[in-house]
Amino acid sequence: MRKIFDDESPAIVAMVPFGREMRQAHFNFASSYTPLNHGSFGAYPSCVREYQRRLQEDTEAKPDTFIRFIYPKLLQEAREAVAPLLGAETDEVVFVPNALTAVNVVLRNLAYHDGDIILYFSTIYDACLKTIQSLEETTRVRGHSIELVYPVEDELIIERFRKAILEIQGQGMSVKLAMFDTVLTFPGVRFPWERLVPICREYGILSCIDGAHGIGHLDLHHITHVKPDFFISNCYKWLMVPRGCTVLYVPYRNQSLIRTTYPTAEGFEPLSQREAQSQKSYFVNLFEKVSTIDTTPYICVIEALRFRSQVCGGEERVRGYCINLAREGGELMAAMMETEVLENKTGTLRYCCFTNVRLPLEVTQVPQGEKDAGKIPAAEAKAVADWITLMSVEDFDTFIATRYYAGAFWARLSSQIYLDRTDFEWAANVLLDLCGRVKKGIRPTNR
């Protein structure tokens, strides 16, 4: 396997401290902007941006030469670089533009029969749910949701998962595939996916892991030991690769299930012809060129890993800083707002780069039009949460994801190497200001 970095490359460990100095030295945010929502769209350093621009310039200088001959070699090198982060072999990983594309590739390649079920949790990413709903209109498969309301213990998740499988089987149906996350989108919490995969195997269920918040966020070297059937992870979020770039892991044992890309492209071969190829080469070739799009983000993986290794000190150091800052920053915000961070009794939710902090607002079930001093009518709660998010953008030049969830208002913030405690302190003051306005009666309807 090709080395990601030459031995002669100088190791430049933490020349710039993590936090605001890192933000100013290596990232491209506007000086007025405070980036508190890395988890949605990610961000990448200047060196990766410059590398991508050089690739784009090379493409435009000699389009056929680059796209037909140079790009495939660089793509191979990028797959070689990313595979070890998943503990995988190079030919078990391919790139697609985004996680939703990968989800559609997996779900739409499967054959479904009467009684087949896709099992998922109520915390599923909304677009993944809509994909399942779309399949319900065009195939015989049906979806089944397991309800979760956080905070919840991992043991209860395991219990409800197994119970749902047995109930479905008891009704004469079969769980074809189960889909679940590594880290939830909202609330942003760690999910016990490693414990659910063996249960899937026990019952002969395919497991599809939505690891959108995975690579660059969690240590995933153990994937091949956990043995999910499919694993999907965005590189443009936490690995600091340009948008969009997602890695799709399909172990050799399951590659025969992936017959086509979406959209179907020139790599597709009818069954009679692909039987003459090795399944490994067919799978890799299938994804080498899927329509004509800008695929330079895929081959920026090596430059992103170089930055994380030589400038940041490696994956473990990045993870450690981000997870610790999320914990400390969330606790600081909760103390300032006199509220709490979202956590369960066993403390398993916060082993990730998100923090979820409750806002100091109370909700009342009193009907609209009636007054309940300083409290928010439940019917207005979603609109108020959306308004707080919008005001964070318009009045403070940031984005604080705020939702009304499980009877309370919660803000989800992302940690990253370009943030420090002062950013979380500032965020708490922003939320205190906006909550103060809400308590005074400034609402979406009468601003």
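Residues numbered from 1 in each chain as written. Predicted model: local features only at pLDDT ≥ 70, side-chain atom pairs only at ≥ 80, totals over all residues. Heavy atoms only, no water.

### Digging into the packing of helix H5 (residues 99-109) against helix H6 (residues 126-138)
For step 1, the next point in the chain: Interaxial distance between H5 and H6 falls to 10 Å at its minimum, and their mutual angle equals 30°. By the criterion of interaxial angle, the relationship of H5 to H6 is roughly parallel. Of the two elements, H5 crosses H6, and the hand of that crossing is right-handed. Facing Leu100, Val103, Asn104, Leu107 and Arg108 of H5, the residues of H6 in contact are Ala127, Cys128, Thr131, Ile132, Ser134, Leu135 and Thr138.
For step 2, the next point in the chain: Of the residues assigned to the contact of H5 with H6, the class counts are seven nonpolar, four polar and one charged. (Axes fitted to C-alpha atoms, helices over the stretch in contact; angles between N-to-C directions. Helix = DSSP H or I, 4+ residues; strand = E, 2+ residues; numbered from the N terminus. Parallel < 35°, antiparallel > 145°, perpendicular 65-115°, else oblique. Left-handed = near helix turned anticlockwise from the far one by under 90°. Contact = heavy atoms within 4.5 Å. Nonpolar A, V, L, I, M, F, W, Y, C, P; charged D, E, K, R; others polar.)

### Looking at the environment of Ile293
For step 1, the next point in the chain: Following the sequence through the fold, Ile293 ends up in the loop between helix H12 (279-286) and helix H13 (296-299).
For step 2, the next point in the chain: For Ile293, a relative accessible area of 40% puts it in the partly exposed group.
For step 3, the next point in the chain: Sequence-wise, Ile293 and Pro97 are 196 residues apart; in three dimensions their C-alpha atoms are separated by 9.1 Å.
For step 4, the next point in the chain: If we ignore the near neighbours within four places in the chain, the residues touching Ile293 are Pro97 and Tyr298. (Buried < 20%, exposed > 50% of the residue type's maximum accessible area, 1.4 Å probe, protein only.)

### Describing the nonpolar core
For step 1, the next point in the chain: Ranked by internal contacts, the top residues of the largest apolar core, which has 116 residues, are Phe95, Tyr150, Phe161, Phe180 and Ile417.
For step 2, the next point in the chain: Per element, the largest residue contribution to this core is eight residues, and it comes from helix H17 (residues 421-439).
For step 3, the next point in the chain: Counting 32 residues, the second-largest nonpolar core is a separate cluster that includes Leu107, Tyr112, Met179 and Leu206. (Core = buried A, V, L, I, M, F, W, Y, C linked by side-chain atoms within 4.5 Å.)

### Concerning the confidence of the model for the chain
In low-pLDDT regions, the fine details of the predicted coordinates are not to be read closely.
For step 1, the next point in the chain: Averaged over every residue, the pLDDT of the chain is 93; the share at 70 or more is 95%.
For step 2, the next point in the chain: This stretch, residues 1-14, has a pLDDT under 50; its non-local contacts, to residues over four places away or in other chains, come to 26 contacts. (pLDDT = per-residue confidence, 0-100.)

### A word on the packing of aromatic side chains
Given two aromatic rings, one states the distance between the centres and the angle between the planes to describe the pair.
For step 1, the next point in the chain: If you walk through the whole model with that rule in mind, you get 14 aromatic pairs.
For step 2, the next point in the chain: With 5.0 Å between their ring centres and 65° between their planes, Phe27 and Tyr418 make a pair best called edge-to-face. Of this pair, Phe27 sits in the loop between helix H1 (20-26) and helix H2 (38-41) while Tyr418 sits in the loop between strand E12 (408-414) and H17, placing them 391 residues apart in sequence.
For step 3, the next point in the chain: Overall, Tyr418 belongs to the buried group, its relative accessible area being 1%.
For step 4, the next point in the chain: Between Tyr404 and Phe409 the ring centres are 5.3 Å apart and the planes differ by 50°, which places this aromatic pair in the tilted class.
For step 5, the next point in the chain: A network of ring pairs unites the aromatic residues Phe27, Phe29, Tyr33, Phe307 and Tyr418 as a single cluster.
For step 6, the next point in the chain: The lysine or arginine in question, Arg317, covers the ring of Phe18, its NZ or CZ lying 4.6 Å from the ring centre. (Phe/Tyr/Trp six-rings, centres within 6.5 Å; stacked < 30°, edge-to-face > 60°. Lys NZ or Arg CZ within 6 Å of the ring centre and 35° of its normal.)

### Some remarks on the pattern of salt bridges
For step 1, the next point in the chain: Within this structure, the stated rule accounts for 20 salt bridges.
For step 2, the next point in the chain: A salt bridge links Arg358 to Glu340; its shortest N-O distance comes to 2.9 Å. Of this pair, Arg358 sits in strand E8 (residues 354-358) while Glu340 sits in the loop between helix H15 (315-337) and E8, and the two are 18 residues apart along the sequence.
For step 3, the next point in the chain: For Arg358, a relative accessible area of 24% puts it in the partly exposed group.
For step 4, the next point in the chain: Assessed through its relative accessible area of 37%, Glu340 is described here as partly exposed.
For step 5, the next point in the chain: Here Asp433 and Arg437 are joined by a salt bridge, their closest N and O atoms 2.8 Å apart. (Salt bridge = Lys/Arg side-chain N within 4 Å of Asp/Glu carboxyl O.)

### Examining the state of the cysteines
For step 1, the next point in the chain: This model, assessed by the stated rule, comprises zero disulfides.
For step 2, the next point in the chain: Cysteine Cys300 remains unbridged, with the sulfur of Cys245 as its closest cysteine sulfur at 8.4 Å.
For step 3, the next point in the chain: Here Cys322 is not disulfide-linked; the sulfur of Cys353 is the nearest cysteine sulfur, at 4.7 Å. (Disulfide = S-S within 2.5 Å.)

### Here's the deal with unusual backbone geometry
For step 1, the next point in the chain: The step from Tyr150 to Pro151 runs through a cis peptide bond, and the omega angle for that step is 5°.
For step 2, the next point in the chain: The residue Pro151 is located in the loop between strand E3 (142-146) and helix H7 (154-170) in this model.
For step 3, the next point in the chain: Cis geometry is adopted by the peptide bond preceding Pro187, which originates at Phe186 and carries an omega value of -5°.
For step 4, the next point in the chain: Summarising the element assignment, Pro187 is placed in the loop between strand E4 (174-181) and helix H8 (193-202).
For step 5, the next point in the chain: One non-glycine residue with positive phi stands out, namely Glu338, at about 55°.
For step 6, the next point in the chain: Within the element layout of this structure, Glu338 appears in the loop between H15 and E8.
For step 7, the next point in the chain: Overall, Glu338 belongs to the exposed group, its relative accessible area being 71%.
For step 8, the next point in the chain: Positive phi outside glycine occurs at Asp397, with the angle close to 55°.

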